[in-house]
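Observations on the three-dimensional arrangement
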Amino acid sequence: MLSTSTASPSGKILDREDGDLSTRRQVLETTAHRLFLVIPAVMALYAVAGVTWPVYALGFGLLLNCAMYMSVRRDLAVNLCGYILIGSYFLICAVTLGATGGITSPAMAWMLVG
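Residues numbered from 1 in each chain as written. Predicted model: local features only at pLDDT ≥ 70, side-chain atom pairs only at ≥ 80, totals over all residues. Heavy atoms only, no water.

Further remarks concern the confidence of the model for the protein. Counting all residues, the mean pLDDT for the protein is 74, and 73% of those residues have values of 70 or more. Looking over the protein, one finds the lowest element-wise mean pLDDT in helix H1 (residues 12–15), namely 40, and the highest in helix H3 (residues 53–73), namely 86. Per-residue pLDDT stays below 50 along residues 1–16; that stretch engages in two contacts with residues further than four places along the chain or on separate chains. (pLDDT = per-residue confidence, 0-100. Helix = DSSP H or I, 4+ residues; strand = E, 2+ residues; numbered from the N terminus. Contact = heavy atoms within 4.5 Å.)

Structural data, given as structure tokens:
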């Protein structure tokens, strides 16, 4: 006879992790690792060039990336972290490009990495 009790659903199927969620987690971790390498390099480029305003924007992006990475590693709101990462990535790219000359900006190479 089938049980209709939903008080404590358990079993091998219900305890398994969603495959799509684990794939998203992997993509976010890989993207975070790439940004950990790219953002400081672009920050250094702007600091050497003497343009400080984009350095602050990129520093904020690096802090967002750190927070997102720690949240994903602790399995907290993987989907929300993905939305935050994508939104902040494009926002920081737009602010940096707008502040330093638009399409002729040295940061255009950074947009190719993502």
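The rest of the description comes next.
Formed by 19 residues in total, the largest nonpolar core has its most connected members in Leu28, Leu58 and Met68. Among the elements of the structure, helix H2 (19–49), H3 and helix H4 (78–100) are those that each provide at least two residues to this core. Among the elements that line this core, the one with the most residues is H2, at eight residues. Apart from residues no more than four positions distant in its own chain, Leu28 is found in contact with Met68, Val72, Val78, Cys81, Gly82 and Leu85. (Core = buried A, V, L, I, M, F, W, Y, C linked by side-chain atoms within 4.5 Å. Buried < 20%, exposed > 50% of the residue type's maximum accessible area, 1.4 Å probe, protein only.)

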